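What the coordinates show
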Amino acid sequence: MKPLEMLGATVLGLLVCLSSAVGQTLEPCQLPIAVHAYEPLVGQPLTDAKFSQPAEGSGVTNPGQAMVATFTTAIGPISIALDSTSAEGKRPDLVRFDFGGSGKFNDTDVAPFKAESMAPNYYRGQSTPVSLSFERDGRTIYVSPRVEYYKYGNQRHASLRMVVAGKAACRFGDQSRHVMVIDGNSNLRLDDVSQPGKEWLGVNPGDTLLIADEAGSLEGAGAQTILLGQPFMLGEKLYTVEVGPDGWSVTPKLYDQPTGMLQVAHERWEGVFAGRQHVVRLTGGNQPQPVPADAYAVVEYSEYPSGEQSKSPLSLQVEAGRIRPDRAKRCEVAAGQTAQMAVGSPLTVEPEVQVRDRQVTVGMKLADAAEAPNQVTVALTHAQEGRAKPPQVVIRDSAGKQVHSGKLEYG
Ligand SMILES: [Ca+2]
């Protein structure tokens, strides 16, 4: 699974609400939106760049040095040119975007490109965020593209990340809610449902669905951030949304597949759980939550202090390690039943001591309640400082006398 990605971009989408589950026809909407850094969403850049020299008359400034990279997206190819502002430039300092994928960069949008690391045989950098738009199939698509590029000897690698989102007002039974779909897999469509990993436990990320609270806020305590296709509760009923075949329209629906309840017995947590067919992203407390009937394994999980401790900067992170899906420990959620998933605290600490001659090495293995230390990595994380302070170790002899004390170091 990719590391959690922060999505930060100013985007605008067009999402049309066609009808509700109870048959009301809604006004189409087209709203400008700003997507702030929603955490933690699953996202991934396009990395399938095919490189080529710029064609004759392609519009680059520095045809001798410039390099064109073309990516495949669901709406056709998109090309970028790593170019420079001066015809004599030795390194790229400019990215040109060709959203039509024709390899022509005359009068196209540009973004500054900054070097992050340079050596005689090595170069790495990324573009500065800019807000751009282009026309496709009669629709204006707003993007904030980010390009990363490195060249090592003759090897090149480029990635392109473009976050687009669409927002709509939808009617769910007797409730009106704004919803927003965020393109979590950078393919410029908003209809991708996340799938469980096939080879390794994890998620092939799709798109993310945000449901605003009653006040219209997508960030308020009553707002929900889930994965597209996942059911969600509104006014005692389970709904989902379906995105139309054009990838840009959404229809609310009552969720009619078998569901059970998943309970995690902690007060503040969030997690992504992969079943055999479904993937869910849940944010919760002690209350059971509705999920499609399936057998779920933990992909990632964060737990936060609650009550008086809630301002503590420490949190507990659990991530699935490399394990085949058929060997993963799973929590079976049967239709109509509630299942308890053991995950997170309490942690167990297992010292690992190696003695070689007069040298003693002390290690520590952390495991969470899933009792599967071979399947997960567990970390205590400090909100500002990253990793929590390393633990102190005191070694005593059989009489209880302290013979050594020290601090463990992160390996
Ligand atoms: Ca998508």
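Not measured: the values here are computed from a predicted model. (Residues numbered from 1 in each chain as written. Predicted model: local features only at pLDDT ≥ 70, side-chain atom pairs only at ≥ 80, totals over all residues.)

Looking only at helices and strands, the chain has 0 helices and 36 strands in total. Burial statistics for the chain: of 411 residues in total, 35% are counted as buried. Looking at the chain alone, contacts between residues at least 24 apart form 55% of all its contacts between residues at least 6 apart. (Helix = DSSP H or I, 4+ residues; strand = E, 2+ residues; numbered from the N terminus. Buried ≥ 20, exposed ≤ 12 C-beta atoms within 10 Å, placed from the backbone. Contact = placed C-beta atoms within 7 Å.)

Attention now moves to the sheet that holds strand β23 (residues 259-263). Taken in spatial order, the 3 strands line up as β26-β23-β30 in an open sheet, and their pairing is mixed. Edge positions in the sheet fall to β26 (289-292) and β30 (338-340), since each of these pairs with one other strand and no more. When strand polarity is set aside, the average angle formed by the axes of neighbouring strands in this sheet is 40 degrees. Two elements, β23 and β30, share 3 bridges in a ladder whose sense is parallel. Note that in β30 the partner of Q263 across the bridge is Q340. (Pairing = 2+ DSSP bridges. Axes fitted to C-alpha atoms, helices over the stretch in contact; angles between N-to-C directions.)

What follows is about the sheet that holds strand β7 (residues 94-98). On the basis of which strands lie adjacent, the open sheet formed by 8 strands has the order β4-β5-β6-β7-β8-β9-β12-β13 and antiparallel pairing. Of all the strands in the sheet, the pair left with one neighbour each is β4 (50-52) and β13 (155-161). With strand direction ignored, the average angle separating the axes of adjacent strands in the sheet is 25 degrees. Two strands pair when backbone bridges link them, and strand β9 (residues 122-127) and strand β12 (residues 146-152) are joined in this way by 5 bridges, in the antiparallel orientation. Note on β12: the bridge partner recorded for G125 is Y149.

The next subject is unusual backbone geometry. Omega for the peptide link from S345 to P346 comes to 0 degrees, which places this bond in the cis form. Mapping P346 onto the fold places it in the loop between β30 and β31 (348-356). For D107, which is not a glycine, the phi torsion comes out positive at approximately 55 degrees. Overall, D107 belongs to the exposed group, with 8 C-beta atoms counted inside 10 Å. Even without being glycine, E236 reaches a positive phi, approximately 70 degrees.

A general feature of soluble globular proteins is that nonpolar side chains tend to end up buried together. Ranked by size, the top nonpolar core spans 77 residues in total, and within it V179, V181, F273, A297, V298 and V299 carry the most contacts. If you tally residues by element for this core, the top one is strand β27 (residues 294-303), at 5 residues. (Core = buried A, V, L, I, M, F, W, Y, C linked by C-beta atoms within 7 Å.)

Should the pLDDT be low somewhere, the predicted coordinates at that spot are not to be read in detail. Across the chain, the average pLDDT comes to 82, with 88% of residues at 70 or higher. Contacts from residues 1-42, a stretch scored under 50 in pLDDT, to residues over four places away or in other chains number 104 contacts. (pLDDT = per-residue confidence, 0-100.)

In this section: the pairing of strand β32 (residues 359-367). Summarising burial for β32: 0 of the 9 residues are buried, a small minority. Of the pairings in the sheet, the one linking β31 to β32 comprises 9 bridges and is antiparallel in character. Each residue of the ladder has a partner; that of E352, found in β32, is G363. With antiparallel pairing between neighbouring strands as the criterion, β31 and β32 make up a hairpin whose turn holds 2 residues, including D357 at a positive phi of roughly 55 degrees.

Turning our attention to the pairing of strand β36 (residues 402-407). Burial analysis of β36 places just 0 of its 6 residues in the buried class, a small minority of the element. Strand direction decides the pairing type here: strand β35 (residues 392-396) and β36, joined by 5 bridges, are antiparallel. Bridge pairing in β36 links R396 to Q402. Count of turn residues in the β35/β36 antiparallel hairpin: 5 residues, of which G400 carries a positive phi of about 90 degrees.

Along the chain, the position of Q126 falls in strand β9. Q126 sits in the partly exposed class, given 18 other C-beta atoms within 10 Å. C-alpha separation for the pair Q126 and V95, spaced 31 residues apart in sequence, amounts to 9.2 Å. Not counting the four nearest positions on each side in its chain, Q126 is found in contact with K114, E116, R146, V147 and E148.

By secondary structure assignment, the location of T61 is in the loop between β4 and β5 (67-73). Residues T61 and T85, 24 residues apart in the sequence, show an inter-C-alpha distance of 6.6 Å. Apart from residues no more than four positions distant in its own chain, T61 is found in contact with D83, S84, T85, S86 and A87.

What follows covers the environment of R171. Mapped onto the elements, R171 comes out in strand β14 (residues 165-172). The spacing of R171 and T251 is 80 residues in sequence and 9.2 Å in space, taken between C-alpha atoms.

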